[in-house]
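Here's the letter readout for the chains.
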Amino acid sequence: MRMKVKKVKLSSGDIKRIYFETFPKKERMPFPMMVAMSKLWNTRFWGFYESGVPCGLAYLALNRKIVFVMFLAVDKSLRSKGYGSALLREIHSRYPDKKIIISLEPCDANAPDIALRKRRKAFYMRNGYKETGYRVKLHGIEQEIIVTNGEFIKREFQLFFAIYSNGTMYPRIWEQRESQRME
């Protein structure tokens, strides 16, 4: 699988479609804002293509130590065919010395879509991520934090948000209780 990576532009309708089909409205950022933010030194918004066909997207926030994958998506017609793993490998190859952090919906037993959440988490675990034992609340949505390429440090991640957002974001980050953890 040989994918080409392109910066996402406002005119990238194929990537916008994947983004809107993948993420519920309450979890999305405005697409034009994402494109504008990606012009800054600390944000990347990439579209992934194979033979000109749009495969997926990645939206990353970064500093000198951390890459936070805020959005990662594969076109729904291409899921379970190795594209998600290929996207993660591309991110890892570009940032081999940085911690890569992802937040995802927790696998709480009472979640209405628990099977989907477990599959999503298992995908990341197969791709080298590990549980941190921490959760974060971003835009009112509770998420579990997973990491690869290093250990998660709560204070470091809090500082990451403060600096990335120019002091406008201080999300709540806490250690989850053992009873909340699912296998």
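Here, every reference points to the structure presented above.
In this numbering scheme, every chain counts its residues from 1 along its sequence in written order. The model is predicted, so local features are restricted to residues of pLDDT at least 70 and side-chain atom pairs to those at 80 or more, both for listing and for counting; the totals for chains, interfaces and linings are taken over all residues. Side-chain numbers come from the whole structure's heavy atoms, not from hydrogens or water.

**Student:** Just give me the short version of the overall build of the protein chain, but keep the residues and values in it.
**Tutor:** For helices the rule is a DSSP run of H or I covering at least 4 residues; for strands it is a run of E covering at least 2, with both sets numbered from the N terminus onward. Tallying secondary structure elements over the protein chain gives five helices and eight strands in all. Ordered by position from N to C terminus, the α and β elements of the protein chain give β-α-α-β-β-β-α-β-α-β-β-α-β. A compact globule built from 183 residues should have a C-alpha radius of gyration of about 16 Å, and the protein chain, at 16 Å, falls within 12% of that. Taken along its principal axes, the extent of the C-alpha atoms in the protein chain is 45 × 35 × 30 Å. Throughout, exposure labels follow a simple rule: accessible area from a 1.4 Å probe, protein chains only, divided by the maximum for the residue type, with under 20% read as buried, over 50% as exposed, and the rest as partly exposed. Split into buried and exposed, the 183 residues of the protein chain put 50% on the buried side. Working rule for contacts: check all heavy atoms of both residues, and any pair within 4.5 Å makes them a contact. In the protein chain, the share of contacts with a sequence separation of at least 24, taken over all contacts with a separation of at least 6, comes to 60%. Working definition of accessibility: Shrake-Rupley area with a 1.4 Å probe, residue cover restricted to the visible protein chains. Summing over all exposed atoms, the protein chain offers an accessible surface of approximately 10,100 Å²; the carbon and sulfur share of this is 52%. Between the two quantities, the radius of gyration covers C-alpha atoms and the globule rule is 2.2 Å times the number of residues to the power 0.38.

**Student:** Mind laying out the environment of Thr168, listing which residues take part and the relevant values?
**Tutor:** As for its placement among the helices and strands, Thr168 is situated in the loop between α5 (154–164) and β8 (172–175). Thr168 gets classed as exposed once you look at its relative accessible area, which sits at 63%.

**Student:** Go over the environment of Ala115 with me, naming the residues and quoting the values.
**Tutor:** Mapping Ala115 onto the fold places it in helix α4 (residues 114–126). The spacing of Ala115 and Arg89 is 26 residues in sequence and 25 Å in space, taken between C-alpha atoms.

**Student:** Just give me the short version of a positive patch on the surface, but keep the residues and values in it.
**Tutor:** Residues Lys4, Lys6, Lys7, Lys9 and Lys39 make up a contiguous surface patch of positive charge. Accessibility expressed as a relative area gives 53% for Lys9, which makes it exposed. Here the term patch refers to residues with relative accessible area over 30% and no salt bridge, with like charges joined within 9 Å and nonpolar side chains (Val, Leu, Ile, Met, Phe, Trp, Tyr) within 5 Å. Any carboxyl oxygen of Asp or Glu that lies within 4 Å of a side-chain nitrogen of Lys or Arg is treated as forming a salt bridge with it. Positive charges come from Lys and Arg alone, negative charges from Asp and Glu alone, with His and the N- and C-terminal ends not counted. Lys charges are placed at NZ, Arg charges at CZ, Asp charges at CG and Glu charges at CD.

**Student:** Which residues make up the pattern of salt bridges, and what values do they have?
**Tutor:** Inspection of the entire model under this criterion finds 13 salt bridges. The closest approach of N and O atoms between Arg17 and Glu21, which form a salt bridge, is 3.2 Å. With a gap of four residues between them, Arg17 and Glu21 both fall in helix α1 (residues 13–22), about one helical turn apart. With a closest N to O distance of 2.6 Å, Glu105 and Arg120 form a salt bridge.

**Student:** Hey, could you go over the nonpolar core for me, with residue numbers and the actual values?
**Tutor:** By size, the foremost hydrophobic cluster in this structure holds 30 residues, and its most contacted members are Phe45 and Phe157. Contributions of two or more residues to this core are made by α1, α2 (31–37), β2 (43–50), β3 (53–62), β4 (66–74), β6 (130–138), β7 (141–148) and α5. Once residues within four sequence positions are removed from consideration, Phe157 is found in contact with Ile66, Phe68, Ile101, Ile145, Phe152 and Ile173. Counting residues in each nonpolar core, the second largest holds 25 residues, with Val74, Ile91, Ile102 and Phe123 among its members. Residues belong to one nonpolar core when they are buried, are Ala, Val, Leu, Ile, Met, Phe, Trp, Tyr or Cys, and are joined through side-chain atoms within 4.5 Å.

**Student:** So what's going on with the packing of aromatic side chains? Which residues, and what values?
**Tutor:** Any Phe, Tyr or Trp ring, taking Trp's six-membered ring, that has another such ring centre within 6.5 Å forms a pair; planes under 30 degrees apart are called stacked, those over 60 apart edge-to-face, and the others tilted. Taken as a whole and assessed by the stated rule, the structure comprises 21 aromatic pairs. Aromatic side chains Phe68 and Phe157 sit 5.3 Å apart centroid to centroid with 80 degrees between the ring planes, which places their arrangement in the edge-to-face category. Residue Phe68 is located in strand β4, and its partner Phe157 is located in helix α5; the two are separated by 89 residues in the primary sequence. Of the two residues, Phe68 and Phe157, both sit in the buried class. Among the aromatic residues, those joined into a cluster by ring pairs are Tyr19, Phe20, Phe23, Phe31, Phe45, Tyr59 and Phe71. Placement of a charge over a ring requires the Lys NZ or Arg CZ to be within 6 Å of the ring centre, with the centre-to-atom vector within 35 degrees of the ring normal. The ring of Trp46 carries Arg94 above its face, with NZ or CZ at 4.7 Å from the centroid.

**Student:** A description of α5 should follow, citing residues and the corresponding values.
**Tutor:** Residues Glu156, Phe157, Phe160, Phe161, Ala162 and Tyr164 constitute the buried set of α5. Two residues or fewer after α5 comes Asn166, characterised by a positive phi angle close to 55 degrees.

**Student:** Would you mind going over α4 in detail, with residue names and values included?
**Tutor:** A helix is expected to reach a length of 1.5 Å times the quantity of its residues less one. An ideal rise of 1.5 Å per residue puts 18 Å on 13 residues; α4 measures up with 18 Å between its terminal C-alpha atoms. Arg117, Lys121, Phe123 and Tyr124 are the residues of α4 that are buried. Projection of α4 onto a plane perpendicular to its axis shows the buried side chains occupying an angular sector of 150 degrees, all on one side. Facing away from the buried surface of α4 by more than 90 degrees, the exposed residues are Arg119 and Arg126. The inward-facing, buried residues of α4 contact β4, α3 (83–94), β5 (99–104), β6 and β7. In the segment just after α4, Gly128 is the residue with positive phi, at about 95 degrees. It is the directions from the helix axis to the C-beta atoms that the arc portrays.

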